[in-house]
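What follows is each chain in one-letter form.
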Amino acid sequence: MLGGSSGLIKTSTDGITCTTSNSGATILHDGFTFGNMFIVVGASGSIYTSFNGTTWTSRTSGTSNHLLGVTFQK
């Protein structure tokens, strides 16, 4: 999974072909992970989640700080 400015996110199931989606945010995404869902974080405390890498849901982080990373733990 790759991300960038303006909420653009690229995902790939095979590491070769990428699909572009948009979280709907107008911010930069900096941290990415996948566990049982995709999670991206970034500027202004933004958090977005997706189960399919295409449809994204905004989540509340409780902070306006820039989030630089995220991890998944089972």
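In short, a report on the structure. Just so it is clear, the structure is predicted and the values come from calculations on it, not from any experiment.

### Concerning the environment of Val-41
1) Next: Secondary-structure assignment places Val-41 in strand S5 (residues 38-42).
2) Next: Overall, Val-41 belongs to the buried group, its relative accessible area being 4%.
3) Next: In sequence terms Val-41 and Gly-69 are 28 residues apart; their C-alpha atoms lie 6.7 Å from each other.
4) Next: Discounting residues that sit within four places of it in the chain, Val-41 has contacts with His-29, Asp-30, Gly-31, Ser-46, Ile-47, Leu-67, Leu-68, Gly-69 and Val-70.

### Focus on the packing of aromatic side chains
1) Next: What the rule picks out here adds up to two aromatic pairs.
2) Next: Between Phe-34 and Phe-38 the ring centres are 4.7 Å apart and the planes differ by 50 degrees, which places this aromatic pair in the tilted class.
3) Next: A ring pair is formed by Phe-38 and Trp-56, whose centres lie 6.3 Å apart and whose planes are at 55 degrees; its orientation type is tilted. Pair noted here: Phe-38 is in strand S5 and Trp-56 is in the loop between strand S6 (47-50) and strand S7 (57-59), with a separation of 18 residues, a long-range link.
4) Next: Assessed through its relative accessible area of 16%, Phe-38 is described here as buried.
5) Next: Every member of this aromatic cluster is reached through a ring pair, and the members are Phe-34, Phe-38 and Trp-56.

Here is what the cut-offs are and how they apply
- Residues numbered from 1 in each chain as written.
- Predicted model: local features only at pLDDT ≥ 70, side-chain atom pairs only at ≥ 80, totals over all residues.
- Heavy atoms only, no water.
- Helix = DSSP H or I, 4+ residues; strand = E, 2+ residues; numbered from the N terminus.
- Buried < 20%, exposed > 50% of the residue type's maximum accessible area, 1.4 Å probe, protein only.
- Contact = heavy atoms within 4.5 Å.
- Phe/Tyr/Trp six-rings, centres within 6.5 Å; stacked < 30°, edge-to-face > 60°.

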